[in-house]
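Read off the chains here:
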Protein chains: 2
Amino acid sequence: MSSKLTAGDLQVINRVAVFRGLKPETVQHVIAPATATMLRPHELIMRQEEPATAFFIVIDGWLKISRNTQSGGETVIDMMKKGDSFAEAAAFSGGRYIATAEAVNIARVARIPADHLIRCIRESPDIALAMIASTSQRMHYLVQQVEQLKAQSGVQRVAEFLASLSAAEQGRCALALPYDKILIAGRLGLTPESLSRAFAKLRGVGVTINASKVDVDDIVELRRIAADDRNAVRGTLRPVR
Amino acid sequence: MSSKLTAGDLQVINRVAVFRGLKPETVQHVIAPATATMLRPHELIMRQEEPATAFFIVIDGWLKISRNTQSGGETVIDMMKKGDSFAEAAAFSGGRYIATAEAVNIARVARIPADHLIRCIRESPDIALAMIASTSQRMHYLVQQVEQLKAQSGVQRVAEFLASLSAAEQGRCALALPYDKILIAGRLGLTPESLSRAFAKLRGVGVTINASKVDVDDIVELRRIAADDRNAVRGTLRPVR
DNA sequence: GCCTTTCCTTGACTTTGGTCAAGCGACCGG
DNA sequence: CCGGTCGCTTGACCAAAGTCAAGGAAAGGC
């Protein structure tokens with residue numbers, strides 16, 4: 001189940017954003033008591049409401065970060081991939097996890113105990129700054145998330161999501177959906193049905209979706225749709241069967 | 001405009017959540033170079049995209065934390081009141097502010113320079129832990145926000161908002177809306193019109209709104225509406241003129 | 001191989017919430 | 001005191017998105 005880190009694990013961990021700017025020996029020290037776990041699909045590594053005793057780094061695979069709603073449902077909060085870290089802030093504040101982390105596919109996750117981390121911080125405060133920077137990033141994401149949910153329509157969120165998958169400056173580009181459409185729908189606050197229909201509308205502006213392969217005729221157009229006013233887009237987007 | 005802290009300012013600052021658990025002398029040290037500013041309605045103390053050179057504590061009044069959308073609109077992210085602190089994480093990470101803070105009414109805000117704060121942390125790491133704890137709280141709020149926007153209907157968000165204004169365990173209670181309905185609408189991701197209609201629906205379950213005074217017949221019922229499944233509520237909520 | 005399950009799409013329909021327009025009352029400045 | 005602006009509400013309408021149901025295609029188990 002859980003084991004010491006392999007050389008490959010260390011490879012990934014040393015490049016992780018949360019440790020950016022720390023001296024290699026500091027990183028070594030922080031991850032000394034870390035363990036790594038292989039997860040099968042649907043296995044959980046972090047459970048909402050449980051005491052926060054560690055934080056995590058994704059070494060490989062995709063994890064779904066979700067919350068159980070009062071009404072028994074589930075809300076996708078974020079998706080984590082190789083190189084992402086999560087629950088840093090919870091681990092420090094000694095509270096409980098506010099969300100659940102579930103493996104989407106076969107995944108490998110490193111676990112760094114919170115008590116050790118706090119001891120490390122007392123020795124070298126730079127670690128604290130690194131963690132705060134990482135937390136700040138996460139917060140930025142959440143703020144953007146709130147903004148998108150409040151200010152953009154479903155199609156616009158889909159357009160922005162697709163555009164974010166490509167680094168292309170402009171013009172035509174091909175990309176692959178990173179995970180199930182059901183999960184994409186959840187991440188964007190839509191039902192799978194609505195996501196399908198959003199894709200159908202985007203077909204009209206040169207976006208071709210075939211299983212998990214996507215072809216975009218003009219990524220600038222896609223970004224324009226996302227950036228436009230909610231109502232400005234209306235005429236241009238008719239569903240194409 | 002900006003001035004040294006008054007005795008009254010210190011009163012508030014010493015009780016603030018972000019400094020909870022720190023020794024009084026540590027707090028003294030952190031806020032040594034702090035200044036306080038009086039803000040008139042609509043004045044800004046923090047501007048999105050500007051370099052994050054400080055973090056803030058609200059001494060009095062209400063501030064609106066908002067973001068300018070790409071399409072030229074504005075999204076309310078949060079409302080801050082006396083005793084709240086904000087932009088801690090941004091101040092550390094040396095990036096830029098990700099949102100704008102605007103006074104809603106006459107307000108007073110303390111400003112703690114980031115460079116001094118970082119020096120403090122290197123001296124006593126406990127400050128870092130306090131800041132992380134505070135950031136963690138903020139993140140919890142944002143996660144809940146995302147959850148609410150994705151999982152609850154407008155009326156449900158309104159019900160939850162009203163319920164959160166009262167500490168009452170159960171039964172009848174009276175409460176006051178803390179700020180304009182336009183701002184409440186923004187905070188909940190609704191238009192003012194939709195908020196009005198949501199209020200009209202809640203009238204049917206014993207919620208009376210008169211200007212900024214609200215009377216709730218049964219707060220448990222209100223919480224039930226918020227916690228129910230999006231669809232379960234449907235029959236029970238018809239608008240009452 | 002086949003059968004089952006899961007993912008995804010589409011259609012028809014309903015509900016929710018935004019838009020536009022009108023109107024009222026409170027507050028403010030002159 | 002008047003006329004303005006602003007906050008709030010209501011009505012009529014429309015667009016966006018959820019629900020329910022059906023069906024096809026792909027993947028995985030036996």
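Source: prediction; values computed, not measured.

1. Re the protein's contact with DNA strand D
By nearness alone, 17 residues border DNA strand D, and A:Gly154, A:Ser194, A:Arg197, B:Ser196 and B:Asn231 come closest of all. Sugar and phosphate atoms constitute 71% of the interface atoms of DNA strand D, taking the interface as everything within 4 Å of the protein. Taking B:Lys181, its side chain carries an N or O atom lying 2.9 Å from a phosphate oxygen of DNA strand D. At 2.8 Å from a phosphate oxygen of DNA strand D is found a side-chain nitrogen or oxygen belonging to B:Asn231. When contributions to the surface near DNA strand D are tallied by element, the ones reaching two or more residues are helix 8 (192-203) of chain A together with helix 7 (181-188) and helix 8 (192-203) of chain B. It is helix 8 of chain B that contributes the most residues to the surface near DNA strand D, four residues altogether. For the surface near DNA strand D, the class distribution of residues is two nonpolar, seven polar and eight charged.

2. A short note on helix 1 (residues 7-15) of chain A
All names here are of chain A. Turning to helix 1, its buried residues number three or more, namely Asp-9, Val-12 and Ile-13. Taken end-on, helix 1 shows its buried residues confined to a sector of 95 degrees, consistent with a single buried face. Exposed and oriented more than 90 degrees from the buried face of helix 1 are Ala-7 and Arg-15. Contacts from the buried residues of helix 1 go to strand 2 (35-39), strand 4 (54-60) and strand 9 (107-113).

3. Notes on the interface of chain A and chain B
When the parts of a complex come together, some accessible area is lost, and that lost area is often taken as the interface size. Between chain A and chain B, the residue contacts involve 45 residues of the former and 45 residues of the latter. At the boundary of chain A and chain B, one finds four salt bridges. Here B:Glu147 makes a salt bridge to A:Arg67, at a shortest N to O gap of 2.2 Å. Our count for the chain A to chain B interface comes out at 14 residue pairs in polar contact (both at pLDDT 80 or more). Among the elements of the structure, strand 5 (63-68), strand 6 (74-80), helix 3 (88-93), helix 4 (114-123), helix 5 (126-151), helix 7 (181-188) and helix 9 (219-227) of chain A are those that each provide at least two residues to the side of chain A that touches chain B. Class assignment of the residues belonging to the side of chain A that touches chain B gives a composition of 22 nonpolar, 13 polar and 10 charged.

What counts and what doesn't
- Residues numbered from 1 in each chain as written.
- Chains lettered and ligands numbered in written order.
- Predicted model: local features only at pLDDT ≥ 70, side-chain atom pairs only at ≥ 80, totals over all residues.
- Heavy atoms only, no water.
- Near = heavy atom within 4 Å.
- Polar contact = N/O pair within 3.5 Å; in protein donor to acceptor, adjacent residues only side chain to side chain.
- Helix = DSSP H or I, 4+ residues; strand = E, 2+ residues; numbered from the N terminus.
- Nonpolar A, V, L, I, M, F, W, Y, C, P; charged D, E, K, R; others polar.
- Buried < 20%, exposed > 50% of the residue type's maximum accessible area, 1.4 Å probe, protein only.
- Arc of directions from axis to C-beta.
- Contact = heavy atoms within 4.5 Å.
- Salt bridge = Lys/Arg side-chain N within 4 Å of Asp/Glu carboxyl O.

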